[in-house]
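# A look at the structure
Chain by chain, the residues run as shown.
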Amino acid sequence: MGASDLSVRGKIPYNAEPSSLAELTSHPITPLRLVYARNHSDIKDLRSDTDQYTVKIDGDIGGIQPLELTFAQVRDDLPRKEVIAVLICAGNRRAKMAEKTGRDVQGINWSEGTIANVRWAGAPLRDILLQVGVTDDSASWEGLHVCLASNVAPCEDTTWYGGSIPLERAMNENADVLLAYEMNGEPLTPDHGFPLRVVVPGCGGMRWVKWVDHISISREESPNFYQQRDYRILPQNVTSKKMAESEGWWSKVPSIQNLPCNSVVSDFRRVRSACPDQLLLKACGYAYSDCPIKHVDVSLDDGTTWKQCEITYQDGQWSWALWEVTIDLMLDEENSSDMLLASNLGGAGDRENRKVTVFSRATDSAGRVQPFTCTWNLRGVGYDGAGEATIDH
Ligand SMILES: Nc1nc2c(c(=O)[nH]1)N[C@H]1C(S)=C(S)[C@@H](COP(=O)(O)O)O[C@H]1N2
Ligand SMILES: [Mo]
């Protein structure tokens, strides 16, 4: 990992995101050196312990035959599946939430780079669950959860890391949930969970448990702190952790699972034009949801009118979408496009050094539209307001 590729947001535990969003979105598949790191504990380097490393699978329901698999068994004896899926932290864009709402949020001050589009390879979790006796009858999955845990290192708030997903998701062949051992064709690195991590496409990164060593089928969601008392969107009126605890808010709202429909502007700049009457601006960025993106649109008039962008990359069900658009900001305001708000051009006079703000908005294939504004929540999670970038031109 190059020293300048990531901006370190916390040294202990180690938390870092790419320094340049423009560079991040210049690669459809995120190179390992640009993959953000999000850790609630020290990073365990288990590379010399792989012979001892096992994953236990059990459950508190009937009909489960507990099983213990070695890393080699998971890698060599089970089917291998590859999936391109975007990994995103629930705290992505937290700094934007603070900026747009003018209120402090609790958590690492993430910009918009805690996102990585990776080609993962691993064993389908479904095949492992079938081995321990989960049946292929979907009615039997109802109300059950798969608890995913890592006991290799104590975390900031508790002694271990865990999270859970509905059993339904883990058993659905099309949901592509993996016990992954490779990213971009290489073994996982210690910071990304070597030897095994869970990959849950379309779901927030906090459930993609790294260094996973215990998988358990349960009637309850994971009892872990990060499932029960964090990674939930608390209502706006909950203004402190103390209030959240004393009024029991954590159990009143659901744990986050699926990704929101979201987009971000990663680069916005003026581009040269051969025609002197033209003022060309180029914007590009990323978008994602819990299903493929249908289109991304941009607005120069605070969301009154929108122009559709070109999607330059999207691969399969679970990747991010990369988009770009060129906007012709005519020098003659009278001929300017409908999109253009006069105030955005700075009004009368000076055509130089005027600020232009572009907003982006994603629509997914299920018809969900990214909202323009996002309300504040205490932990600053799930920010999904319009993407935004401003330039002086
Ligand atoms: N064991 C363990 N797994 C974990 C975490 C952690 O702190 N410990 N962090 C989670 C969170 S919040 C995110 S966003 C992703 C980050 O994965 P990365 O560091 O590979 O980018 O891992 C998840 N899995
Ligand atoms: Mo996260």
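Residues numbered from 1 in each chain as written. Chains lettered and ligands numbered in written order. Predicted model: local features only at pLDDT ≥ 70, side-chain atom pairs only at ≥ 80, totals over all residues. Heavy atoms only, no water.

Turning our attention to the site of ligand 1. Close to ligand 1 lie 18 residues, the nearest being Tyr36, His40, His192, Arg197 and Lys210. Within the backbone of tyrosine 36, one N or O atom sits 2.8 Å away from an oxygen atom of ligand 1. Within the side chain of histidine 192, one N or O atom sits 2.6 Å away from an oxygen atom of ligand 1. Judged by the fraction of its atoms near the pocket grid, ligand 1 is located in the largest cavity. Broken down by class, the residue content of the shell around ligand 1 amounts to 10 nonpolar, five polar and three charged. (Near = heavy atom within 4 Å. Polar contact = N/O pair within 3.5 Å; in protein donor to acceptor, adjacent residues only side chain to side chain. 1 Å grid on protein atoms, 1.4 Å probe; cavity = no way out; pocket = protein on both sides within 12 Å on 5 of 7 lines; lining within 4 Å. Sits in = over half its atoms within 2 Å of the grid points. Nonpolar A, V, L, I, M, F, W, Y, C, P; charged D, E, K, R; others polar.)

With that settled, consider the UniProt feature "domain: Oxidoreductase molybdopterin-binding" (unreviewed entry) in the protein. The positions that UniProt labels "domain: Oxidoreductase molybdopterin-binding" (unreviewed entry) are, in the present scheme, residues 48–226. Between the end C-alpha atoms of residues 48–226 the distance is 28 Å, and the span holds 16% helix and 31% strand. (UniProt positions renumbered as here; feature names shortened; annotations may be inferred. Helix = DSSP H or I, 4+ residues; strand = E, 2+ residues; numbered from the N terminus.)

Before going further, it helps to examine the sheet that holds strand β19 (residues 355–364). Here we have four strands laid out as an open sheet, ordered β16-β15-β19-β20, and antiparallel in their pairing. Of all strands in the sheet, those with a lone pairing partner are β16 (307–308) and β20 (387–392), marking the two edges. Across six bridges, the pairing between β19 and β20 is antiparallel. Residue pairing for β20: serine 360 is matched across the bridge by glycine 387. (Pairing = 2+ DSSP bridges.)

Regarding helix α3 (residues 94–101), the residues found buried are Arg94, Lys96 and Met97. Along the long axis of α3, the arc covered by the buried residues comes to 155 degrees, so they all point the same way. Those residues of α3 hidden inside the fold are in contact with β20. (Buried < 20%, exposed > 50% of the residue type's maximum accessible area, 1.4 Å probe, protein only. Arc of directions from axis to C-beta. Contact = heavy atoms within 4.5 Å.)

Moving on, we get to the packing of aromatic side chains. Within the structure shown, the criterion is met by eight aromatic pairs. Between the aromatic rings of phenylalanine 71 and phenylalanine 194, the centroid separation amounts to 5.8 Å while the plane-to-plane angle is 65 degrees, which identifies the pairing as edge-to-face. Placement of the pair is phenylalanine 71 in helix α2 (residues 71–76) and phenylalanine 194 in the loop between β10 (186–187) and β11 (197–199), with a sequence separation of 123 residues. For the pair phenylalanine 71 and phenylalanine 194, one class covers both residues: buried. Seen from their ring centres, tryptophan 120 and tryptophan 208 are 5.5 Å apart, and the 65 degrees between their planes marks the pair as edge-to-face. (Phe/Tyr/Trp six-rings, centres within 6.5 Å; stacked < 30°, edge-to-face > 60°.)

As a further point, take the side chain of serine 319. Secondary-structure assignment places serine 319 in the loop between β17 (310–313) and β18 (321–328). Separated by 2.8 Å, the side chain of serine 319 and the backbone nitrogen of aspartate 315 make a polar contact.

As a further point, take the environment of glycine 113. With respect to the helices and strands, the residue glycine 113 is situated in the loop between α3 and β6 (115–124). According to the relative accessible area criterion, glycine 113 is buried, its value standing at 1%. C-alpha of glycine 113 to C-alpha of glycine 59: the two residues are 54 residues apart in sequence and 37 Å apart in space. Contact partners of glycine 113, with chain neighbours within four places excluded, come to Glu17, Pro18, Leu21, Leu24, Tyr36 and Asn92.

Here we come to the nonpolar core. Nonpolar side chains in soluble globular proteins generally cluster together in the buried interior. Trp120, Leu129 and Ile215 are the most contacted members of the largest nonpolar core, which totals 64 residues. Counting residues per element, this core draws most heavily on strand β9 (residues 178–183), at five residues. Every residue in contact with leucine 129, bar those within four places of it in the chain, is listed here: Ile57, Val134, Val146, Leu167, Ala170, Met171, Ile215 and Ile217. Of all hydrophobic cores here, the second largest spans 22 residues; its members include Ile293, Val296, Trp323 and Ala389. (Core = buried A, V, L, I, M, F, W, Y, C linked by side-chain atoms within 4.5 Å.)

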